[in-house]
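One-letter residues, chain by chain:
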Amino acid sequence: MKGQPISGTPAGVRVRGRRRRGSGPLAVVAGTLLLLVTACAGGGDATDSAKGGGATPGKPGTEQVENAASQAVVTVAPKDGAESVATSGALKVTAEKGTLSAVTVTDTKGVAVEGVLSADRTSWQPVRHLAAATKYKVHAVAKDAAGRESAKDTTFTTLVPKNTFIGHYTPEDGSTVGVGMPVSINFTRGITDPEAVEKGIKVTAEPSVPIEGHWFGNDRLDFRPEKYWAPGTKVTLELNLDGVEGRPGVYGKQAKKISFTIGRSQVSTVDASAKTMTVVRDGKVLRTVPITAGAPATTTYNGQMVISEKYKVTRMNGATVGFGGEYDIKDVPHAMRLSTSGTFVHGNYWASKSTFGSANVSHGCVGLQDVRGAYDDEMPAAWFYNNSIIGDVVIVKNSKDKQIQPDNGLNGWNMPWSEWIK
C-alpha cells in the first residue's frame, strides 16, 4: 500500500512510483534489484513477481523513500533550566516557519497557567504573572505548512523574593454583612505599580453587577458597585498576588479566595437637627429612636457611613482622637464604629433620659439611651446593637458639619460614581 512502511526500508519511509527506461545489461541489473526488493516486501515469490505480481519497469507503482522533518521551530524563553526567572514578562513561546498548535504550562502541582495566542498563532504569552519561587514545565507543539509537527519541552524556576507584601482584607470569609459593605484591602507595603496589583485581584458578584476598584493613597484599594448591594448577593474576592511586583523588588505572596453574603437591607438615618434616628429594613420603618448627636463645638459628620466594628463594651479615650483629657470612659456600651477617626453609634448611660431627642451633647458620636454594663436589652442602644450587623449603613444629615471623607472608614459611598471609576 502506498505510504505504508515497507520491510527492508526505514519505518515511516514512503516509496514513490517512477518510470524507468533502458535496455541491455544496465536494465537487467536494475530489474534484478527491483525483484529483490519486491520479494522482501512479502508480496509473493520471485516467480510471481516475474509474471507481473510486482512493479514492472516502465509502469507506475514504485515508491521513493522520503523522511522530511518538520520545518517548524519552537522557541521557549526563558531557557531550559533557568532559575530566578522574573514573574512577569519573561515567559514567551514562539514558532518560526509554522504555527503553534498546543502550549501547556504547569507548575509542580499540575496547576495550569492561562495564556493567549497571537492572532497569527506564532506566539503565546501568559495572561497574568507567574507565582514566585515556583518550578514550571512548558510543552509546546508547532506545525509547518505540510502539517508536520515539532515540539519543545522546557523547565524553569521563578525568583525567590527577598521582600514581600500581603493585603489585609475585609469583610471576613463566610460572613454575612450589610448592603453597604465594600471590599477593602490594606497592603502592608506602599504600592507603586497599582495596575499590576489590581490585575491580580478579582471581585465578582452573583447575581452579577459591575464592580469597580478605587485607590485611597498607595496602600488601600476598595471595591464596590455603583449602588448598595442587593440583599442576598454573594460576593467573591480572589487575591492572586503571589509573584506580583507591587513596587521595585517587593512581591506579593498571597493566593487566597474568600466569599461573603449580603444580608437584609438596613439603612438608618440620623437627623441631627430633629435628634432622631429612623431605622429602615427592607424598605419598612422598624423604629424611630431619640438620639443625641455632636454638640455645637464638636459636631457629627454628615454623610453615608458603614458600620465596620461592633463592641458590646469598649473604652473610649478622648486623647486618642484629639480631645486631650476631656473624657476617658472605660465601659461604653453597645458601640459600633462608623469612621476611622472615632465616630461611633453607641449607648450612653451618663446623660439623663431627657437629653435624648432634645439636646446634642456628644463629642461627635451618635448616642442612644443605655445602662451601664450593657445588660438591659430593652434600652434603645441595646435594641439597635442587636438589630445591626457589620456593613449596615447609617446616614447622618442636617448636622452643622462637613461631609465625611470617603476614606475615613468604609465610606466610599460619599464619592460620586463618576469620580470613583476614574
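Residues numbered from 1 in each chain as written. Predicted model: local features only at pLDDT ≥ 70, side-chain atom pairs only at ≥ 80, totals over all residues. Heavy atoms only, no water.

Student: Now, about the overall build of the chain: what can you tell me, with residues and values included?
Tutor: In terms of helices and strands, the chain carries five helices and 28 strands. The buried share of the chain, taken over its 422 residues, is 42%. Carbon together with sulfur atoms contributes 50% to the accessible area of the chain, which is approximately 22200 Å² in total. (Helix = DSSP H or I, 4+ residues; strand = E, 2+ residues; numbered from the N terminus. Buried < 20%, exposed > 50% of the residue type's maximum accessible area, 1.4 Å probe, protein only. Areas by Shrake-Rupley, 256 points an atom, 1.4 Å probe, with all protein chains shown as cover.)

Student: Describe the packing of aromatic side chains, and please don't skip the residues or the numbers.
Tutor: Inspection of every chain in the model, using the stated rule, returns six aromatic pairs. Between Phe165 and Phe187, the ring centres sit 6.0 Å apart and the planes meet at 75°, which makes this aromatic pair edge-to-face. Placement of the pair is Phe165 in strand 9 (residues 163–165) and Phe187 in strand 12 (residues 183–187), with a sequence separation of 22 residues. No difference in accessibility class separates Phe165 from Phe187, as the two residues are buried. By the ring-pair criterion, three or more aromatic residues cluster together here, those being Phe165, Phe187 and Trp215. The ring of Trp420 is capped by Arg224, whose NZ or CZ atom sits 4.5 Å from the centre of that ring. In this arrangement the basic side chain of Arg287 is found over the ring face of Trp383, its NZ or CZ atom lying 4.8 Å from the centre. (Phe/Tyr/Trp six-rings, centres within 6.5 Å; stacked < 30°, edge-to-face > 60°. Lys NZ or Arg CZ within 6 Å of the ring centre and 35° of its normal.)

Student: Give me the lowdown on the side chain of His346, citing residues and values where you can.
Tutor: Tracing the sequence through the fold places His346 in strand 26 (residues 344–348). Other than its neighbours up to four places away in sequence, His346 contacts Met316, Val332, Pro333, His334, Ala335, Cys365, Val366, Gly367 and Leu368. (Contact = heavy atoms within 4.5 Å.)

Student: Residues and numbers for the sheet that holds strand 14 (residues 212–216), please.
Tutor: Strand order across the open sheet formed by four strands is 10-12-15-14, with antiparallel pairing between neighbours. Among the strands making up the open sheet, the edge pair consists of strand 10 (167–170) and strand 14. Between one strand axis and the next, the sheet turns through 20° on average, direction left out of account. Bridge count for strand 12 against strand 15 (residues 220–224) is four bridges, and the pairing is antiparallel. Paired with Asn186 across the bridge in strand 15 is Arg220. (Pairing = 2+ DSSP bridges. Axes fitted to C-alpha atoms, helices over the stretch in contact; angles between N-to-C directions.)

Student: Now, about the sheet that holds strand 18 (residues 250–252): what can you tell me, with residues and values included?
Tutor: Spatially, three strands are ordered 9-18-17 in an open sheet, and the strand pairing comes out mixed. Sheet topology places strand 9 and strand 17 (245–247) at the edges, where each strand pairs with a single neighbour. Within this sheet the neighbouring strands show an average axis-to-axis angle of 45°, counted without direction. Sheet analysis places strand 9 next to strand 18, joined by three bridges and oriented parallel. Bridging across to strand 18, Asn163 finds its partner in Val250.

Student: Now, about the nonpolar core: what can you tell me, with residues and values included?
Tutor: By size, the foremost hydrophobic cluster in this structure holds 32 residues, and its most contacted members are Ile185, Phe187, Val197, Ile201 and Leu237. Not counting residues within four places of it along the chain, the set of residues in contact with Val197 comprises Phe165, Phe187, Ile191, Trp215, Leu241, Val244 and Gly246. Grouped together as the second largest cluster of nonpolar side chains are 21 residues, Val279, Ala293, Leu338 and Leu368 included. (Core = buried A, V, L, I, M, F, W, Y, C linked by side-chain atoms within 4.5 Å.)

Student: With reference to specific residues and values, describe the environment of Ser341.
Tutor: By secondary structure assignment, the location of Ser341 is in the loop between strand 25 (328–337) and strand 26. On the basis of relative accessibility, which here comes to 35%, the residue Ser341 falls in the partly exposed class. Along the backbone, Ser341 and Asn408 are 67 residues apart, and their C-alpha atoms lie at a distance of 6.7 Å. Aside from chain neighbours lying at most four places away, what touches Ser341 is Tyr301, Val321 and Asn408.

Student: How would you summarise the side chain of Asn411 if you had to cite specific residues and measurements?
Tutor: For Asn411, the position within the fold is in the loop between strand 28 (393–397) and helix 5 (417–420). For Asn411, a relative accessible area of 0% gives the class buried. For Asn411, the residues in contact, after removing those within four places along its chain, are Gln304, Met305, Val306, Leu338, Ser339, Ile404, Gln405 and Pro406.

Student: Would you mind going over the environment of Trp417 in detail, with residue names and values included?
Tutor: On the secondary structure map, Trp417 appears in helix 5. Considering only alpha carbons, one finds Trp417 and Glu226, 191 residues apart in sequence, at a separation of 6.0 Å.

Student: Got a sec to walk through the confidence of the model for the chain? Specific residues and values, please.
Tutor: Put simply, the chain has an average pLDDT of 87, and 84% of its residues get 70 or more. This model gives residues 1–65 a pLDDT under 50, and the stretch forms 47 contacts once residues within four places in sequence are excluded. (pLDDT = per-residue confidence, 0-100.)

Student: So what about the pattern of salt bridges? Which residues, and what values?
Tutor: Oppositely charged side chains can pair when the atoms bearing their charge come close. By the definition in use, this model includes 10 salt bridges. When the shortest N-O distance is used, the salt bridge between Lys143 and Glu149 registers 4.0 Å. With its nearest N and O atoms 2.7 Å apart, the salt bridge here joins Arg315 to Asp328. You can see Arg315 sitting in strand 24 (residues 309–317) and its partner Asp328 sitting in strand 25, a full 13 residues away along the chain. Residue classification places Asp328 among the partly exposed positions, given a relative accessible area of 33%. (Salt bridge = Lys/Arg side-chain N within 4 Å of Asp/Glu carboxyl O.)

Student: Describe unusual backbone geometry, listing the residues and the values that go with them.
Tutor: The bulk of non-glycine residues show a negative phi, and the bulk of peptide bonds are trans. A cis geometry characterises the amide bond from Ala77 onward to Pro78, with omega recorded as 10°. Residue position: Pro78 is located in the loop between strand 1 (73–77) and strand 2 (82–85). Glu206 connects to Pro207 through a cis peptide bond whose omega is 5°. Even without glycine at this site, Ser84 takes up a positive phi of about 55°. Within the secondary structure layout, Ser84 lies in strand 2. Residue classification places Ser84 among the exposed residues on the basis of a relative accessible area of 57%.

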